Amino acid sequence: MQKVFAEGSVVEAQRIAEFLLQHGIDARVLSSGVGPQGGSVAARPALSEVWVDDVDAERGRVLVESREEHITTDVVVKLSCPYCTAENPSSFEACWSCSRAL
Ligand SMILES: [Zn+2]
């Protein structure tokens, strides 16, 4: 398991997990700051992390990054991958879906 998203609200983490699930990645939302003793960090705000299996980690990170770009700006220029037709932000040098050079 690897962490692809950290330090977000529970709602945000769940949205990302759902987004990853839609792309076939088995994502899990875990609470951060929960120590082995539990309860000792109750004063901290509740933050969540999203974890995926090792095999999906690389793709998961790219998906999370591309998702954040879509949220922060509506003017991201998109490129359609010539091989698999997946949409990629123009800043990507390789397709997030099939890893071939754009
Ligand atoms: Zn592609």
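Since the structure is predicted, the reported quantities are computational estimates derived from the model, not experimental observations.

(A) Region of the structure containing the nonpolar core. Counting residues in each nonpolar core, the largest one holds 14 residues, and the members touching the most others are Ile 16, Ala 17, Leu 20, Ala 27, Val 50 and Val 52. Top element by residues in this core is helix α1 (residues 10–22). It accounts for four residues. Among residues more than four places away in sequence, those in contact with Val 52 are Met 1, Gln 2, Val 4, Leu 20, Ile 25, Asp 26, Ala 27, Ala 57 and Gly 60.

(B) How the structure looks around unusual backbone geometry. At Thr 85, a position not held by glycine, the phi torsion is positive, near 70 degrees. With respect to the secondary-structure elements, Thr 85 resides in the loop between β4 (78–80) and β5 (87–89). Residue Thr 85 is classed as exposed on the basis of its C-beta count, with 10 C-beta atoms lying within 10 Å. In this structure, Ser 99 is a non-glycine residue whose phi angle is positive, near 65 degrees. Here Ser 99 shows up in the segment after β5.

(C) Local environment of the confidence of the model for the protein chain. Predicted confidence across the protein chain gives a mean pLDDT of 83, with 77% of residues reaching 70 or more. No element of the protein chain has a lower mean pLDDT than helix α2 (residues 54–72), at 83, and none a higher one than strand β3 (residues 47–52), at 93.

(D) How the structure looks around the environment of Ala 13. Relative to the helices and strands, Ala 13 resides in helix α1. With 24 C-beta atoms packed within 10 Å, Ala 13 lands in the buried category. For the pair Ala 13 and Ser 48, spaced 35 residues apart in the sequence, the C-alpha separation amounts to 6.0 Å. Setting aside residues up to four positions removed in sequence, Ala 13 forms contacts with Phe 5, Gly 8, Val 29, Ser 48, Glu 49 and Val 50.

(E) Highlighting α1. Across its 13 residues, α1 extends 18 Å between first and last C-alpha, which sits within 8% of the 18 Å expected from 1.5 Å per residue. Within the sequence span of α1, burial applies to Ala 13, Ile 16, Ala 17 and Leu 20. For α1, the buried positions fall inside an angular range of 100 degrees around the axis, keeping them on one side. Of the exposed residues in α1, those oriented more than 90 degrees away from the buried face are Val 11, Glu 18 and Gln 22. The first or second residue beyond α1 is Gly 24, which carries a positive phi of 80 degrees.

(F) Inspection of the environment of Val 52 at higher detail. Position of Val 52 relative to the elements: it lies in strand β3. Separated by 51 residues in sequence, Val 52 and Met 1 have C-alpha atoms that sit 5.3 Å apart.

Each value, and the rule that gives it
Residues numbered from 1 in each chain as written. Predicted model: local features only at pLDDT ≥ 70, side-chain atom pairs only at ≥ 80, totals over all residues. Core = buried A, V, L, I, M, F, W, Y, C linked by C-beta atoms within 7 Å. Buried ≥ 20, exposed ≤ 12 C-beta atoms within 10 Å, placed from the backbone. Helix = DSSP H or I, 4+ residues; strand = E, 2+ residues; numbered from the N terminus. Contact = placed C-beta atoms within 7 Å. pLDDT = per-residue confidence, 0-100. Expected span 1.5 Å × (residues − 1). Arc of directions from axis to C-beta.

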